[in-house]
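Survey of secondary and tertiary structure
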Amino acid sequence: MYETNFHRAGDLAEASRLFAAAKDDASYLAGGQTLIPTMKQRLAAPSDLVGISQIAELKGISVGAEMVTIGAAVTHAEVATSSEVKGAVAALSDLAGRIGDPAVRHRGTLGGSLANNDPTADYPAAVLGLGATIHTDKQTIAADDFFTGLFSTALEDGEIITKVAFPVPEKAAYMKFANPASRYAMTGVFVARMKNGSVRVGVTGASEGGVFRATDMEEALASSWSPDALADIVVDSTNFFSDLHGSAEYRANLVKVMAKRAVQAIA
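Residues numbered from 1 in each chain as written. Predicted model: local features only at pLDDT ≥ 70, side-chain atom pairs only at ≥ 80, totals over all residues. Heavy atoms only, no water.

**Regarding the overall build of the protein**
The line we're drawing: Going along the chain from the N terminus, every DSSP run of H or I of four or more residues is numbered as a helix, and every run of E of two or more is numbered as a strand. When we talk radius of gyration, it's over C-alpha atoms, and the globule rule is simply 2.2 Å times the number of residues to the 0.38. Any residue under 20% of the maximum accessible area for its type is buried, any over 50% is exposed, and the rest in between are partly exposed; the area is computed with a 1.4 Å probe on protein chains only.
In terms of regular secondary structure, the protein is built from 11 helices and 14 strands. In terms of C-alpha radius of gyration, the protein reaches 18 Å, essentially the compact-globule figure of 18 Å for 267 residues. The C-alpha extent of the protein, read off along each of the three principal axes, is 55 × 45 × 30 Å. Here the protein holds 267 residues, and the buried ones make up 51% of them.

The following block contains the structure:
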């Protein structure tokens, strides 16, 4: 690893000051489940790391009748084991409980996952699938505007995710076909029927462009809430990943299969 200066911020204001004062290239460090391995491989070499995992403003889970709000520094394990989250959006705690392995779940954070926007990460599917709102220290961003491409988001340089607000759906489920080695999603589909009757389907793991909404599936399920409603859907495999784990066409089929399983699980 290259020489790196580490700073631990006590609050959001101090984190922003430390980031701005970095001598060269700064990065925020929360759980570090992506950044640290990347630095070890010398694919990233920030001059300064600003630790934000202990900032109180980024902690906590709040559950109401209409919204589940989760702090950006809350770990996957905390979401997975929260009885309040399970009671409001069981699909969200189920998703968190299947991320990586126990070591990853006890260190990785919601905010870190979204800021990194790995195309095979799980949380982006839930954010799109539930139509969540991402709150930062500078603005609020709707889910549909947040993900802008491969490892790319609407976050400005130095901007910090503070919390994410998930609307409580009428019903929801997440189905994932995991890579057996990494446990990243080869394809993951989050299906939600909202309280206003609308349907949202977020798909992760399959596309080179990152997470996306399957609008044709949304329309089909809004008309008929049944796995059979997806029978005639043809998933376009253009720009899907194709590698030793599975071809683009294979992943396109997985999208449909996982979506059907999600609807069936809800039913």
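**Quick notes on the sheet that holds strand 11 (residues 171–178)**
To keep it simple, the criterion reads: Here, any two strands with at least 2 DSSP bridges between them count as paired. Whether two residues are in contact is decided by their heavy atoms: any pair within 4.5 Å suffices. The axes are straight lines fitted to the C-alpha atoms, using for helices just the contacting stretch, and the angles between their N-to-C directions are given from 0 to 180°.
Overall, antiparallel pairing links the four strands, which are arranged 11-12-13-14 in an open sheet. On the outer flanks of this sheet lie strand 11 and strand 14 (212–213), each paired with one strand and no other. Relative to the sheet, helix 11 (residues 248–266) contacts strand 11, strand 12 (185–193) and strand 13 (199–204), its axis offset from that of strand 12 by approximately 40 degrees.

**Notes on the sheet that holds strand 5 (residues 67–71)**
Pairing is antiparallel across the open sheet formed by five strands, whose spatial order is 4-5-10-6-7. With one partner strand each, in any of the chains shown, strand 4 (61–63) and strand 7 (140–142) form the two edges of the open sheet. Adjacent strand axes in the sheet meet at a mean angle of 15 degrees when their direction is disregarded.

**Some thoughts on the pattern of salt bridges**
The condition is simple: Salt bridges are defined as contacts in which a side-chain nitrogen from Lys or Arg sits within 4 Å of a carboxyl oxygen from Asp or Glu.
For the structure shown, the criterion picks out 10 salt bridges. Taking the shortest distance from any N to any O, the salt bridge between Arg98 and Asp94 comes out at 2.8 Å. The class of Arg98 is partly exposed, set by a relative accessible area of 30%. Look at Asp94 and you get partly exposed, because its relative accessible area is 35%.

**What about the pairing of strand 5?**
Judged by how many residues are buried, strand 5 sits mostly within the fold: four of five residues are covered. The antiparallel hairpin formed by strand 4 and strand 5 contains three residues in its connecting segment. The pairing of strand 5 with strand 10 (residues 161–167) spans five bridges and is classified as antiparallel. Residue pairing across strands places Met67 opposite Pro167, the latter belonging to strand 10.

**Considerations on the packing of aromatic side chains**
Put simply, the rule reads: Only centres within 6.5 Å qualify two rings of Phe, Tyr or Trp (six-membered ring in Trp) as a pair; their planes then separate them into stacked at under 30 degrees, edge-to-face at over 60, and tilted for everything else.
Scanning the entire structure with this criterion turns up five aromatic pairs. With a centroid separation of 5.0 Å and 90 degrees between ring planes, the pair formed by Phe146 and Phe147 is classed as edge-to-face. Under the relative-accessibility criterion, Phe146 is labelled buried at 0%. Residue classification places Phe147 among the buried positions, given a relative accessible area of 14%.

**Thoughts on the environment of Ala22**
Residue placement: Ala22 occurs in the loop between helix 1 (12–20) and strand 2 (26–29). We classify Ala22 as buried; its relative accessible area is 15%. Each C-alpha atom of the pair Ala22 and Gln54 lies 20 Å from the other, and the pair is 32 residues apart in sequence.

**Quick look at the nonpolar core**
In plain terms, the rule: We define a nonpolar core as any set of buried Ala, Val, Leu, Ile, Met, Phe, Trp, Tyr and Cys residues linked to one another through side-chain atoms lying within 4.5 Å.
The biggest cluster of nonpolar side chains holds 38 residues, and the ones touching the most others in it are Leu92, Leu114, Tyr123, Phe166 and Phe190. For this core, the secondary-structure elements that each account for two or more residues are strand 5, helix 3 (76–81), helix 5 (90–97), helix 7 (110–116), helix 8 (123–130), helix 9 (143–146), strand 10 and strand 12. Per-element tally for this core: the top contributor is helix 8, with six residues. With residues near it in sequence (within four places) discarded, Phe166 still touches Glu66, Met67, Val68, Ile70, Leu92, Leu110, Ala126, Val127, Leu130 and Ala132. Residues Val201, Ala252, Val255 and Val263 belong to the second largest nonpolar core, which totals 24 residues.

**Side note on the environment of Met186**
Tracing the backbone shows Met186 in strand 12. Looking at Met186, the relative accessible area reads 5%, which means it is buried. Each C-alpha atom of the pair Met186 and Ala121 lies 9.3 Å from the other, and the pair is 65 residues apart in sequence. If sequence neighbours within four positions are ignored, Met186 has contacts with Phe177, Ala178, Asn179, Thr204, Gly205, Ala206, His245, Gly246, Tyr250 and Arg251.

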